[in-house]
Amino acid sequence: MREILRVQKLGKNLGSYFGETIDIRAVLRDVETAAQQHGWTSEIFHASGEFKWLALHRKSEVRSQESAVRIYISAGIHGDEPAGPLAALKLIQENNWPENAEIFLLPCLNPIGFTLNSRGNADGFDLNRDYRNPQTAEVRAHIAWLERQPKFDLYLCLHEDWESHGFYVYEQNPDNKPSLAETMVEAVKNVCPIDLSENIEGRPAKNGIVRPNIQPHERPDWPEAFYLIANKSRQGCTLEAPSDFPLPMRVNALVAGVGAALKSFA
Ligand SMILES: [Zn+2]
């Protein structure tokens, strides 16, 4: 494990992401196949051209659904962050969910962005800034889907950061429930370096954890996580894999982070 931690950045990301890209059509085909094999139900909540936006659902295995914890996981809102959809695929294939967890999994919120290796959608719009007064068809459809769902006990949004020196996590926890961030970082550090900077994206950070003190109502350009904390869930994390490291390592980082959160939460 020590050796993995000494892995150096690839040095490819000069000004934006220049690493490996994925064939999102193939990834989403594999997602659908694996989801079917493992008994998920699948809903298409938006379509554009050849692309469908999937919402996958897996019931908990406990008899009383009241004791189930509802966990929402999304990936792929930024089309230049390929580890997210790959991690969603791997999580479905590994099928290693806590038995009392009911999972809502959106494996790719911006498939067209992936065909362009672009952060934004086909029009260059950053979908992850459109959750307050949504203008894009993708986010409107996503919010309409969210409004039909129950509240979640936890949300996890899977992202990558092309500038970071390692994995890190943003935690929103306004009610001061037991934190999941430390457990996640502990698990991820076995498979990927952690970004130990004291300032990440302009916010104070410690041991790979950012706890932004944000009042969503003071900000005009909501990311998905703000919509979720304002409307759907009182606790959640945004996981950021470092995209200047090899892609399999980033996928493993996201999978390990989600696994640790699920295990300590459910
Ligand atoms: Zn992102």
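Look above for the structure.
Residues numbered from 1 in each chain as written. Predicted model: local features only at pLDDT ≥ 70, side-chain atom pairs only at ≥ 80, totals over all residues. Heavy atoms only, no water.

Undergrad: Got a minute to help me understand the pairing of strand β6 (residues 168-172) in this structure?
TA: The side chains of a regular strand alternate, residue by residue, between the two faces of the sheet. Of all five residues making up β6, five are buried, and the element is well covered by its neighbours. Here β6 shows two buried faces, one formed by Tyr168, Tyr170 and Gln172 and the other by Val169 and Glu171. Examined bridge by bridge, β6 and strand β10 (residues 236-242) share five bridges and lie antiparallel to one another. Bridged to Tyr168 within β10 is Glu240. In this structure, β6 lies alongside strand β9 (residues 209-210), joined through two bridges in parallel fashion. Bridge pairing in β9 places Val169 opposite Ile209. (Buried < 20%, exposed > 50% of the residue type's maximum accessible area, 1.4 Å probe, protein only. Helix = DSSP H or I, 4+ residues; strand = E, 2+ residues; numbered from the N terminus. Pairing = 2+ DSSP bridges.)

Undergrad: Would you explain the coordination of the zinc ion in this entry?
TA: For a metal with four tetrahedral donors the ideal donor-metal-donor angle is 109.5 degrees, whereas six octahedral donors ideally subtend 90 or 180 degrees. Donor atoms from the polypeptide that coordinate the zinc ion comprise His78 (ND1), Glu81 (OE), Glu81 (OE) and His159 (ND1), at 2.1 to 2.3 Å from the metal. In this structure, the zinc ion is coordinated by four donor atoms arranged in irregular fashion, with angles at the metal of 59 to 154°. In terms of primary sequence, the donors binding the zinc ion are separated according to H-x2-E-x77-H. Here His78, found in the loop between β3 (69-75) and α3 (83-94), pairs with His159, found in strand β5 (residues 154-161); they are 81 residues apart in sequence, far enough to count as distant. For His78, a relative accessible area of 2% translates into the label buried. (Donors = N, O, S within 2.8 Å, 3.2 Å for Na, K, Ca; no water. Tetrahedral: all angles 85-135°; square planar, octahedral: opposite > 155°, others 65-115°.)

Undergrad: Looking at this structure, how should I read the layout of surface pockets?
TA: One water molecule sets the probe size; rolling that probe over the atoms shows where empty space is left. Taken as a whole, the largest pocket spans an internal volume of roughly 580 Å³. Asn128, Arg129, Tyr170, Glu201 and Glu240 are, among the 29 residues lining the largest pocket, the residues nearest its centre. Looking at the lining of the largest pocket, the elements with two or more residues in it are β5, β6, α7 (224-231) and β10. Examining the composition of the lining of the largest pocket, we find that five residues originate from one element, β5, more than from any other. Considering only residue class, the lining of the largest pocket consists of eleven nonpolar, six polar and twelve charged. For the second largest pocket, the calculated volume is near 300 Å³. Around the second largest pocket, the lining is made up of 14 residues, and of these Gln172, Asn173, Pro174, Pro212 and Ile214 lie nearest the centre. Listed by contribution, the elements that provide at least two residues to the lining of the second largest pocket are β6 and α7. A breakdown of the residues in the lining of the second largest pocket according to their chemical character gives six nonpolar, five polar and three charged. (1 Å grid on protein atoms, 1.4 Å probe; cavity = no way out; pocket = protein on both sides within 12 Å on 5 of 7 lines; lining within 4 Å. Points joined across faces, edges and corners; volume = space filled by probe spheres on them. Nonpolar A, V, L, I, M, F, W, Y, C, P; charged D, E, K, R; others polar.)

Undergrad: Can you walk me through helix α2 (residues 24-37) in this structure?
TA: The periodicity of an α-helix, 3.6 residues per turn, causes residues three or four positions apart to be oriented the same way. Its 14 residues give α2 an end-to-end C-alpha distance of 20 Å, which sits within 8% of 20 Å, the value for a rise of 1.5 Å per residue. All buried positions along α2 are accounted for by Ile24, Val27, Leu28, Val31, Ala34 and Ala35. Summarising the axial view, the buried residues of α2 lie within an arc of 125°, below the 170-degree limit, and thus occupy one face. Exposed side of α2, more than 90 degrees from the buried face: Arg29, Gln36 and Gln37 are the residues found there. If you follow the buried residues of α2, they end up packed against β2 (51-58), α3 and α4 (111-116). Its side-chain oxygen 3.2 Å from the backbone nitrogen of Arg25, Asp23 forms the N-cap of α2. After α2 finishes, the residue Gly39 shows a positive phi value of roughly 80°. (Expected span 1.5 Å × (residues − 1). Arc of directions from axis to C-beta. Contact = heavy atoms within 4.5 Å. Polar contact = N/O pair within 3.5 Å; in protein donor to acceptor, adjacent residues only side chain to side chain.)

Undergrad: Whenever I open this one, the pairing of strand β4 (residues 101-106) confuses me. Can you help?
TA: Of all six residues making up β4, six are buried, and the element is well covered by its neighbours. Side chains Ala101, Ile103 and Leu105 project from β4 onto one buried face, and the interleaved Glu102, Phe104 and Leu106 project onto a second face that is buried too. Strand direction decides the pairing type here: β2 and β4, joined by three bridges, are antiparallel. Bridge assignment links Leu56 to a residue of β4, and that residue is Leu105. The sheet contact formed by β3 and β4 spans six bridges and is parallel. Across the sheet, the residue bridging to Ser74 is Leu106, located in β4. As a crossover connection, the stretch from β3 through α3 into β4 is right-handed. (Right-handed = clockwise from strand over helix to strand, strands pointing away.)

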